[in-house]
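Structural features, examined
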Amino acid sequence: MHISRSGTILGAMLLAAAAGPVIGAPPRAAVDPVKAHARLLPFDVHLDIDTGFDGPSSPASADGPSQFDLVKTSRGGVKAVALAIFVPQSAESPEQLAAARATADAKLHVIQGLAARYPRQVAIAYTPDDVRRIAASGRLAVVESIVNGGAFIDSLDDLDRWQRQGVRIFGFVHAGHNRLADSSRPSIARGEGAGRSNGLSPLGKQAVERLNRLGILIDVSQLSDPAFDDVLRLTRAPVIASHSDIRALVPNSRNLTDAQLDAIKANGGVVAINAFTPYLRKPSAGTQAAVAALQAEYGVAGGDVAALTPDKAAAYNDRLHQLQARDPKASLADFGEAVDYAIKRIGVDHVALSSDFNHGGGVTGWANEGEAANVTAELVRRGYSEGDIAKLWSGNALRIWGLAQSSGQKLSAGQKLSSLP
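The notes below deal with the structure included here. Just so it is clear, the structure is predicted and the values come from calculations on it, not from any experiment.

**Thoughts on the overall build of the protein chain**
- Of the regular secondary structure elements, the protein chain holds 15 helices and 9 strands.
- For the protein chain, the spread of C-alpha atoms along the three principal axes comes to 55 × 55 × 50 Å.
- If you take every contact in the protein chain between residues at least 6 apart in sequence, the share linking residues at least 24 apart comes to 72%.
- Approximately 16,500 Å² of the protein chain is accessible, and the part contributed by carbon and sulfur atoms is 55%.
- Each charge class in the protein chain was averaged separately, 43 positive and 42 negative side chains, and the resulting centres sit 4 Å apart.

Put into structure tokens, the structure is as follows:
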């Protein structure tokens, strides 16, 4: 198996592995990262598809510019992916809702079309056992997920429809508040304040119960702190944070606090550490100074843009993103530090891995799915056993997804759930 275009990166990691474990890492087992990766079931639990993906100019069967395609997953030994049906948040109106639904339906069509167009390479997975069976057959298992569901869902019946169409993971928000929940990142461009519903909206609270009953795995990534608390209080099944990092390492509202990590562990859930630079590495001193100067220029201490006019908020947002883009990419070592922190805090049974490819994700060494084996090599370098790496790559996510489905079956049958797993 060809592991990566970046042979020098993998080679450096193998040399580092031979030199000994990282200080403070778990006890190191003798693991060959290349052979181990071939035996594993790597499952990237969150990534997106580009607009126009698998179209005439960007077929999924070609090694194209997308960070995800069938060539790259084969080269990287990736055996399962959760592809997001994502629609960005905009001002809410009947027209916006109709447009958002059309976009979501189009993305669903593309995702389902992968199995129809490439049946020897791809199949849709509706259960954890499907993932294992499809992967064992040598095909890529594709799981349908939703991000920012509040942009195109405005009734509980909508959740039933998406479940019938194969969605198995559901996230409420992205950047900006919506009809289901408040976001950890209020929209700067729309001048939003810290919260609109002070957590989940009434519909969002009802959605938790319906999602539990449907056996859909709830995704708590992107939620505001009060909305996160609402979900953890209401859910009857384990949850996943499919693309989240550590606030103690990088103090950003998008990252999870230690208390939130502990809450996910108590819930029986999983945190998927995400290969996303701004949440893995603090901004450089120069960028922090430039952002502070920009905030002073616009009179938005701490970045609270609620008082700005829409035009000024949009201009501020553009300039802020230009400044933030100046810093270099995070590295696999940064990614590994976040994995280490989460495992030391909540245990290896509650951690997973995700890329956020095609939506800003990717670090040096794991820039696309073709380099996924480098992640395994980094984990070996840090002293993790093959068994623990298997849990991180897929075992934990598949376990809690199965628990969410079994809980849903019991709830639908009217059985009483004694406690969370």
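**Thoughts on the pattern of salt bridges**
- In total, this model carries 24 salt bridges according to the counting rule given.
- A salt bridge links E386 to R39; the nearest nitrogen and oxygen atoms lie 2.7 Å apart. A residue pair is termed long-range when its members are at least 10 positions apart, and E386 in helix α15 (residues 386–412) and R39 in helix α2 (residues 33–39) qualify at 347 residues.
- What makes R39 exposed here is its relative accessible area of 54%.
- For the salt bridge of E297 with R319, the shortest nitrogen-to-oxygen distance reads 2.8 Å. Separated by 22 residues along the polypeptide, E297 in helix α11 (residues 285–298) and R319 in helix α12 (residues 310–324) bring together distant segments of the chain.

**Regarding empty space enclosed by the protein**
- Evaluation of the coordinates by the stated rule reveals 2 cavities of 30 Å³ or more.
- A volume near 50 Å³ is recorded for the largest cavity.
- If you go around the largest cavity, you meet 13 residues; those closest to its centre are L223, S253, R254, N255 and L256.
- Considered class by class, the residues forming the lining of the largest cavity number 4 nonpolar, 6 polar and 3 charged.
- If you add up the space inside the second largest cavity, you get close to 40 Å³.

**Things to note about helix α5 (residues 128–136)**
- Residues P128, D130, V131, I134 and A135 constitute the buried set of α5. Looking straight down α5, one finds its buried side chains confined to an arc of 155°; they lie on one side. Within α5, the exposed residues directed more than 90 degrees away from the buried face are D129 and A136.
- On its buried face, α5 sits against β2 (80–86), β3 (122–124), β4 (140–147) and α15.
- Phi turns positive, to about 90°, at G138, one or two residues after α5.

**Considering the packing of helix α4 (residues 94–117) against helix α6 (residues 156–164)**
- At a minimum axis separation of 12 Å, α4 and α6 run at an interaxial angle of 15°. Judged by the angle between their axes, α4 and α6 are roughly parallel. Relative to α6, the crossing made by α4 is right-handed. Of the residues in α6, those in contact with R101, A104, D105 and L108 of α4 are D158, R161 and W162.
- Of the residues assigned to the contact of α4 with α6, the class counts are 3 nonpolar, no polar and 4 charged.

**Regarding the environment of A373**
- Within the element layout of this structure, A373 appears in helix α14 (residues 372–381).
- For A373, a relative accessible area of 3% translates into the label buried.
- Between the alpha carbons of A373 and G76 there is a distance of 5.7 Å; along the sequence they are 297 residues apart.

**Topic: the environment of E192**
- Note that E192 resides in the loop between β5 (167–171) and α7 (202–214).
- For E192, a relative accessible area of 16% puts it in the buried group.
- At 3.1 Å, the side chain of E192 and the backbone nitrogen of H177 are in polar contact.
- A polar contact is formed between the side chain of E192 and the backbone nitrogen of S187, at a distance of 2.9 Å.

**Digging into the pairing of β4**
- The buried fraction of β4 amounts to 8 of the 8 residues, a majority that puts the element mostly inside the structure.
- Here 7 bridges tie β2 to β4, and the two strands are oriented parallel to one another. From the neighbouring strand, V81 faces β4, where its bridge partner is V142.
- Of the strand pairs in this sheet, β3 and β4 are connected by 3 bridges, and their pairing is parallel. Bridge pairing links V122 to L140 in β4.
- With α5 bridging β3 and the parallel β4, this β-α-β connection has right-handed handedness.
- Inspection of the sheet shows β4 paired to β5 by 3 bridges, in the parallel sense. Bridging across to β5, S145 finds its partner in I169.
- A crossover links β4 with its parallel partner β5, the connecting element being α6, and its sense is right-handed.

Conventions we followed
- Residues numbered from 1 in each chain as written.
- Predicted model: local features only at pLDDT ≥ 70, side-chain atom pairs only at ≥ 80, totals over all residues.
- Heavy atoms only, no water.
- Helix = DSSP H or I, 4+ residues; strand = E, 2+ residues; numbered from the N terminus.
- Contact = heavy atoms within 4.5 Å.
- Areas by Shrake-Rupley, 256 points an atom, 1.4 Å probe, with all protein chains shown as cover.
- Lys, Arg positive; Asp, Glu negative; His and termini not counted.
- Charge placed at Lys NZ, Arg CZ, Asp CG, Glu CD.
- Salt bridge = Lys/Arg side-chain N within 4 Å of Asp/Glu carboxyl O.
- Buried < 20%, exposed > 50% of the residue type's maximum accessible area, 1.4 Å probe, protein only.
- 1 Å grid on protein atoms, 1.4 Å probe; cavity = no way out; pocket = protein on both sides within 12 Å on 5 of 7 lines; lining within 4 Å.
- Points joined across faces, edges and corners; volume = space filled by probe spheres on them.
- Nonpolar A, V, L, I, M, F, W, Y, C, P; charged D, E, K, R; others polar.
- Arc of directions from axis to C-beta.
- Axes fitted to C-alpha atoms, helices over the stretch in contact; angles between N-to-C directions.
- Parallel < 35°, antiparallel > 145°, perpendicular 65-115°, else oblique.
- Left-handed = near helix turned anticlockwise from the far one by under 90°.
- Polar contact = N/O pair within 3.5 Å; in protein donor to acceptor, adjacent residues only side chain to side chain.
- Pairing = 2+ DSSP bridges.
- Right-handed = clockwise from strand over helix to strand, strands pointing away.

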